[in-house]
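Commentary on secondary and tertiary structure
Spelled out, the chains give:
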Amino acid sequence: MYPLRDFLIKSKRAVFLTGSGISKESGIPTFRGKDGLWKQYDPSKLASISAFLDNPALVWEFYRYRQDLISKCHPSRAHLAISQIQKEKENSWVLTQNVDNLHNQAGSKNIIELHGNIFRISCINCGYNDNYNVIMGVPPRCPKCGDVLKPGVVLFGESLPQKDWAKAIEIASSCDIMFVVGTSLNVSPVNILPSYAKENNAVIVEINPELTWLSESADFSLKGSASDVLPKIHDLLKCG
Ligand code: NAD
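In what follows, the accompanying structure is described. The structure presented is a predicted model; accordingly, all values stated were derived computationally and were not measured. (Residues numbered from 1 in each chain as written. Predicted model: local features only at pLDDT ≥ 70, side-chain atom pairs only at ≥ 80, totals over all residues. Heavy atoms only, no water.)

Here's the deal with the overall build of the protein
Along its length, the protein carries nine helices and nine strands. On C-alpha atoms alone, the protein measures out to a radius of gyration of 18 Å, which is about the 18 Å that the 2.2 N^0.38 rule sets for 240 residues. For the protein, the C-alpha atoms occupy an extent of roughly 60 × 35 × 30 Å along the three principal directions. If you take every contact in the protein between residues at least 6 apart in sequence, the share linking residues at least 24 apart comes to 65%. Working note: accessible area of the protein is about 11,500 Å², and carbon and sulfur atoms make up 51% of it. (Helix = DSSP H or I, 4+ residues; strand = E, 2+ residues; numbered from the N terminus. Rg over C-alpha atoms; globule rule 2.2 N^0.38 Å. Contact = heavy atoms within 4.5 Å. Areas by Shrake-Rupley, 256 points an atom, 1.4 Å probe, with all protein chains shown as cover.)

Okay, here's the thing in structure tokens:
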């Protein structure tokens, strides 16, 4: 861990690229893991833009179920450790694929939610967006144009919001250390962000109990749960 400590201490911009594994210990299932959601449900029927256009009520039922589950969950020790590290590394960023709002709840700053936020809504007709409120019912209607509102997440088949994506590339391309935490790196285009960091000669640190395609080329591949490893990384900043 000691060379990693030096890199972290010297770094001018640290980035945490996170995926659903970081929220597993908060009680939120991943998509593709052992107990992943996609073992139970078919993503093309419940989480794609074509499914939403065919049957918005069904897609909303799935998202309301996930909202309820997620609203009972709290940030894990991993979310909290990132937020603590950010207090000491001012210019650091969180680029997350998660939609669960837990980095916000943990007190992180400089967060880009690349796949949106499950507690928000958006209108594909007029662009209206806001927080979801249970009194809106299922499926909710846009107060501006009356169209059916979409959950505020990026569904399969949709592009990422352009401004957020451009900012994420800028941040990844200018970091000197990137922690890739709890992601299988199967979802495009977010999975190319480590390559932008690598082009800038950033140190790549993967934290995952399983191997991914990045593990072999990462500078540090720390096999373990994010909640065990990230507090130790925070501790590295404390030891003199
Ligand atoms: P994924 O399901 O494809 O991969 C999860 C990864 O987490 C795996 O590599 C697994 O080995 C790892 N993992 C499992 N337990 C871990 C732990 N304790 N610590 C660290 N890593 C652990 O998820 P993904 O790569 O994030 O991509 C899929 C999509 O999942 C994204 O689009 C995201 O929006 C969506 N998603 C989000 C949530 C959430 O917001 N919490 C939940 C499920 C899915």
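From this point, things continue past the structure.
A look at the pairing of strand β1 (residues 14–18)
Most of β1 sits out of view: five of its five residues are buried. Across the two faces of β1 the burial is the same, with A14, F16 and T18 and V15 and L17 all buried. In this sheet, strand β7 (residues 177–181) lies alongside β1 in parallel orientation, the contact comprising five bridges. Its bridge partner lying in β7, T18 is registered against V181. Here four bridges tie β1 to strand β2 (residues 93–96), and the two strands are oriented parallel to one another. When the sheet's bridge partners are listed, F16 is paired in β2 with V94. (Buried < 20%, exposed > 50% of the residue type's maximum accessible area, 1.4 Å probe, protein only. Pairing = 2+ DSSP bridges.)

Considerations on the environment of V99
Inspection of the secondary structure puts V99 in the loop between β2 and α6 (102–105). The exposure class assigned to V99 is buried, which follows from its relative accessible area of 11%. As for V99 and P139, which are separated by 40 residues in sequence, their C-alpha atoms are 19 Å apart. In this view, V99 contacts R66, H115, G116, N117, I118 and V153; residues no more than four positions away in its chain are not counted.

With respect to the environment of E170
Structurally, E170 is set in helix α7 (residues 162–173). Given a relative accessible area of 43%, E170 falls into the partly exposed group. Separated by 23 residues in sequence, E170 and L193 place their C-alpha atoms 9.8 Å apart.

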